[in-house]
Amino acid sequence: MLYLGLESSCDETAVAIVEDGRKVIAQRLVSQNEVHSKFGGVVPEVAARRHLEVINDLVQEVFDEAKVDPRSLAGIACTTGPGLIGTLLVGLSCAKALAWSYDVPLLSVDHIFAHVCANYIDTTLEPPFVALVVSGGHTQIMHFESYRRASIIGQTLDDASGEAYDKVARLLGLGYPGGPAVDKAAAKGNPRAFHFPEGVVSGSDFSFSGLKTAVLRTVENLKGAELPVEDLAASFQDAVNRVLFRKTIAVARSKGVSKVVLAGGVAANSDLRKRFESLADIEFFRPAPALCTDNAVMVAAAAFYSGEPVPLSVSAYSRQR
Ligand code: KG4
Ligand code: ZN
């Protein structure tokens, strides 16, 4: 079964065709990083206009490469939320037009579920498993009992981990998006150079606002001197990843689950991946780095496993539900 996936929840326009939720047939992605970097973050209105400029061409290119008759698709899937409402509507309008004109079912895909489904590509992963979803908008530990049923066990009470990466990157003058830049700088730094707090939240929840403030204070106190950017990046990254790793493993053990998966943009972080790779008793899955950040392959995979058939009147939603 072939599904077409469309993704436009933030600043990546992406289109893909995936077979049976596991095998990529064709994909295209246009990132808007350069457009938004001068603003230091995503400008929603600018992002929506840019999606509109490129999405139709990407759809055509994917059909051409896959040599697939659109009428033979099992479904046309689109991220309907959570995300930026204006950008989501561009992808959804395109998906509706395609579904209507080719007479193919329209499927709604949740962005968080889609991120997790990136782990099905080229693997034999099956639920149950525990997923750590870490992106620019979300940080949560989820228990997937089946392909469709998942519960949130813990989540951030304030900033998402990716947001913390982006804010600290800005503080350190590393630019946008910050996560990859912090990752790179941290690789050359000493994670024990500064002691940053993990955030005092009990149970499986997280808080990153205190950590962000601690980095800010340290940077302010160092004013005048040359900033030890690599050490600061490494020490910040260590504090974030330490708590993400510890709490996720604790949930997996308490649920008696033997598989853990990483998902979302921050799942591309090399230090975070290394921590989970070190475990002997837990099988660890993570998407290829290019499938951690927003893409349409994960949307087409999610369509197969958890896509909801929806009427053409369906709307997008900005917040998780
Ligand atoms: O999942 P995603 O592409 O978009 C959202 O759904 O939010 O995640 C984007 C986030 C950004 O905050 C970005 O800085 C972060 O993922 N990120 C990383 C890395 N690559 C992307 N954070 C840490 N290390 C990375 N290598
Ligand atoms: Zn995302």
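Residues numbered from 1 in each chain as written. Chains lettered and ligands numbered in written order. Predicted model: local features only at pLDDT ≥ 70, side-chain atom pairs only at ≥ 80, totals over all residues. Heavy atoms only, no water.

1. Observations regarding the site of ligand 1
We count it as follows: Here a residue counts as near a molecule or strand whenever at least one of its heavy atoms sits within 4 Å of it. In protein, a polar contact means a hydrogen-donor-capable atom and an acceptor-capable atom, both N or O and within 3.5 Å, with residues adjacent in sequence counting only if both atoms are side-chain atoms; elsewhere, any N or O pair within 3.5 Å suffices. Strands are runs of DSSP state E lasting at least two residues, helices are runs of H or I lasting at least four, and both sets are numbered from the N terminus onward. Only Asp, Glu, Lys and Arg are considered charged in this grouping, and only Ala, Val, Leu, Ile, Met, Phe, Trp, Tyr, Cys and Pro are considered nonpolar; every other residue, Gly among them, is considered polar. Domain extents, as shown, originate in an automatic or database domain assignment.
By nearness alone, 19 residues border ligand 1, and His115, Gly136, Asp166, Gly179 and Asp183 come closest of all. Take aspartate 183: an N or O atom from its side chain is 2.9 Å from a nitrogen atom of ligand 1. Asparagine 269 places a side-chain nitrogen or oxygen 3.1 Å from a nitrogen atom of ligand 1. Among the secondary structure elements, those contributing two or more residues to the shell around ligand 1 are helix H4 (111-117), helix H5 (161-171) and helix H6 (178-186). A per-element tally of the shell around ligand 1 places H6 first, with four residues. Along the lines of polarity and charge, the residues of the shell around ligand 1 split into four nonpolar, twelve polar and three charged. Inspection of the shell around ligand 1 shows a minimum of three residues originating in each of domain 1 (2-118 + 292-306) and domain 2 (127-286).

2. Some points on the coordination of the zinc ion (ligand 2)
To be explicit about the condition: Coordinating donors are taken as N, O and S atoms within 2.8 Å of the metal, stretched to 3.2 Å for Na, K and Ca; because water is absent from the atoms, sites can appear incomplete. Relative accessibility thresholds used throughout: buried, under 20% of the residue-type maximum; exposed, over 50%; partly exposed, between the two (1.4 Å probe, protein chains only).
Every protein donor of the zinc ion (ligand 2) is accounted for by His111 (NE2), His115 (NE2) and Asp294 (OD), and the metal-donor separations fall at 2.0 to 2.1 Å. When the donors of the zinc ion (ligand 2) are listed by position in the chain, the intervening gaps give H-x3-H-x178-D. Separated by four residues within a single helix, histidine 111 and histidine 115 lie in helix H4, roughly one turn from each other. Assigned by exposure class, histidine 111 and histidine 115 land together as buried.

3. Quick word on the sheet that holds strand E7 (residues 139-144)
Put simply, the rule reads: Any two strands are treated as partners once DSSP identifies two or more bridges connecting them. The axes are straight lines fitted to the C-alpha atoms, using for helices just the contacting stretch, and the angles between their N-to-C directions are given from 0 to 180°.
The strand order E8-E7-E6-E9-E10 describes an open sheet built from five strands, whose pairing is mixed. The open sheet has two free edges, formed respectively by strand E8 (150-155) and strand E10 (283-285), since each of these has just one partner strand. The average angle at which neighbouring strand axes cross in this sheet is 25 degrees, direction not considered. Sheet topology note: the E7/E8 ladder contains five bridges and is antiparallel.

4. Focus on unusual backbone geometry
When glycine is set aside, most residues are seen to have a negative phi, and most peptide bonds are trans. Between glycine 81 and the following residue, proline 82, the backbone shows a cis peptide bond with an omega angle of -10 degrees. Within the secondary structure layout, proline 82 lies in the loop between strand E4 (75-81) and helix H3 (85-102). For the bond running from tyrosine 176 to proline 177, omega is -5 degrees, close enough to zero to count as cis. In this structure, proline 177 sits in the loop between H5 and H6. One non-glycine residue, lysine 67, lies in positive phi territory at about 50 degrees. Mapped onto the elements, lysine 67 comes out in the loop between helix H2 (44-66) and E4. Judged by relative accessible area, which is 73%, lysine 67 ranks as exposed. Even without being a glycine, aspartate 103 presents a positive backbone phi close to 55 degrees. Note on aspartate 103: relative accessible area 69%, which makes it exposed.

5. Topic: the pairing of strand E5 (residues 106-110)
Both faces of the sheet carry side chains from a regular strand, because those side chains alternate between them. Quick reminder of the rule: Throughout, right-handed denotes a crossover for which the path from the first strand over the helix to the second runs clockwise when the strands point away from the viewer.
Taken across its five residues, E5 has five buried, putting it largely inside the fold. Residues Leu106, Ser108 and Asp110 line one face of E5 and the alternating positions Leu107 and Val109 line the opposite face, and both faces are buried. Here E4 runs beside E5; their pairing, made up of five bridges, is parallel. When the sheet's bridge partners are listed, threonine 79 is paired in E5 with valine 109. Read as a crossover between parallel neighbours, the route from E4 over H3 to E5 is right-handed.

6. Overview of the sheet that holds strand E2 (residues 12-19)
Rule in force here: Only heavy atoms enter the contact rule, under which two residues are in contact if any of them lie within 4.5 Å.
Read from one edge of the open sheet, six strands run E3-E2-E1-E4-E5-E11, paired in mixed fashion. Edge strands, defined here as strands with exactly one partner in the open sheet, are strand E3 (23-31) and strand E11 (308-309). This element, H2, spans strand E1 (2-7), E2 and E3 of the sheet and lies at about 20 degrees to E2. Set on the sheet, helix H10 (residues 297-306) makes contact with E1, E2, E3, E4, E5 and E11; between it and E1 the angle comes to about 130 degrees.

7. Points about the packing of H6 against helix H8 (residues 229-255)
This is how it is decided: Throughout this description, any angle smaller than 35 degrees is read as roughly parallel, any larger than 145 degrees as roughly antiparallel, any in the 65 to 115 degree range as roughly perpendicular, and the remainder as oblique.
At their nearest, the axes of H6 and H8 sit 8 Å apart, and the two run at 110 degrees to each other. Relative to H8, the element H6 is oriented roughly perpendicular. Here Val182, Asp183, Ala185 and Ala186 of H6 lie close against H8, whose contacting residues are Glu230, Ala233, Ala234, Phe236 and Gln237.

8. Describing the pattern of salt bridges
Going by this rule: The term salt bridge refers to a side-chain nitrogen of Lys or Arg lying within 4 Å of a carboxyl oxygen of Asp or Glu.
In total, this model carries 19 salt bridges according to the counting rule given. Among the salt bridges present, the one from glutamate 61 reaches arginine 28, with a minimum N-O distance of 2.8 Å. Pair noted here: glutamate 61 is in helix H2 and arginine 28 is in strand E3, with a separation of 33 residues, a long-range link. According to the relative accessible area criterion, glutamate 61 is partly exposed, its value standing at 34%.

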